[in-house]
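Understanding the architecture of this molecule
The lines below spell out each chain.
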Amino acid sequence: MSRREIRECIFRILFQINFHKNDEMGLQIERSLNETEGLSEDDREYMERKLRDICEHLSEIDALINEKATRWKTNRMAKVDLTLIRLAVYEMKYEENIPTGVAINEAVEIAKSYGNDGSPSFVNGVLAKLA
């Protein structure tokens, strides 16, 4: 899988996790990865590690988002937008090998496919404040 396909798959799994209890996150990650076709063992390990790490840092990520998104707190954001912002913030703050511009651009591109008409500009605006 390409990096974009992997990132998009991670986004979809993170989105699904939004609708489950926190103590079910590990189970949901495992189920989702098992249902994803065409994953190499390396891709699966990378995705699982990244998903679990994002979940571990979720409260820190949300605190950063809430600090910068002055009129939009995480509890008011559309789930698609919030999930993309969380993923990009994680990549910007915790993955040194992903440039900030790449994390933002990828989130905006995925927002074009999964979000509403205003999602790309909203995601870009929030992430620009965090950059």
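Parameters and conventions
Residues numbered from 1 in each chain as written. Predicted model: local features only at pLDDT ≥ 70, side-chain atom pairs only at ≥ 80, totals over all residues. Heavy atoms only, no water. Helix = DSSP H or I, 4+ residues; strand = E, 2+ residues; numbered from the N terminus. Rg over C-alpha atoms; globule rule 2.2 N^0.38 Å. Buried < 20%, exposed > 50% of the residue type's maximum accessible area, 1.4 Å probe, protein only. Contact = heavy atoms within 4.5 Å. Areas by Shrake-Rupley, 256 points an atom, 1.4 Å probe, with all protein chains shown as cover. Lys, Arg positive; Asp, Glu negative; His and termini not counted. Charge placed at Lys NZ, Arg CZ, Asp CG, Glu CD. Phe/Tyr/Trp six-rings, centres within 6.5 Å; stacked < 30°, edge-to-face > 60°. Lys NZ or Arg CZ within 6 Å of the ring centre and 35° of its normal. Polar contact = N/O pair within 3.5 Å; in protein donor to acceptor, adjacent residues only side chain to side chain.

**Some remarks on the overall build of the protein chain**
The helix and strand inventory of the protein chain stands at seven helices and zero strands. Its helices and strands in sequence order give the protein chain the pattern α-α-α-α-α-α-α, from N to C terminus. Against the compact-globule benchmark of 14 Å for 131 residues, the protein chain has a radius of gyration of 14 Å, which places it among compact chains. Principal axes of the C-alpha set define a box for the protein chain whose edges measure 40 × 30 × 30 Å. For the protein chain, the proportion of its 131 residues judged to be buried stands at 45%. Within the protein chain, residue pairs in contact and separated by at least 24 positions form 66% of the contacts whose partners lie at least 6 positions apart. For the protein chain, the accessible area works out to roughly 7,200 Å², and carbon and sulfur atoms hold 45% of it. Charged side chains of the protein chain number 19 positive and 24 negative; the gap between the two group centres comes to 8 Å.

**Quick look at the environment of E37**
Relative to the helices and strands, E37 resides in the loop between α2 (25–35) and α3 (41–56). For the pair formed by E37 and E91, sequence separation is 54 residues and the distance between their alpha carbons is 24 Å.

**Concerning the packing of aromatic side chains**
Summed over all chains, the structure comprises four aromatic pairs. An aromatic cluster of at least three residues, connected via ring pairs, comprises F11, F15 and Y114. Lying over the aromatic face of Y46, R3 brings its terminal NZ or CZ to 4.7 Å of the ring centre. Over the ring of W72 we find R76; its NZ or CZ atom is 4.5 Å from the centre of that ring.

**Examining the side chain of K50**
Positionally, K50 belongs in helix α3. For K50, the side chain forms a polar contact with the side chain of E95, separated by 2.9 Å. Not counting residues up to four positions away in its chain, the partners in contact with K50 are I10, L87, Y90, E91, E95 and I98.

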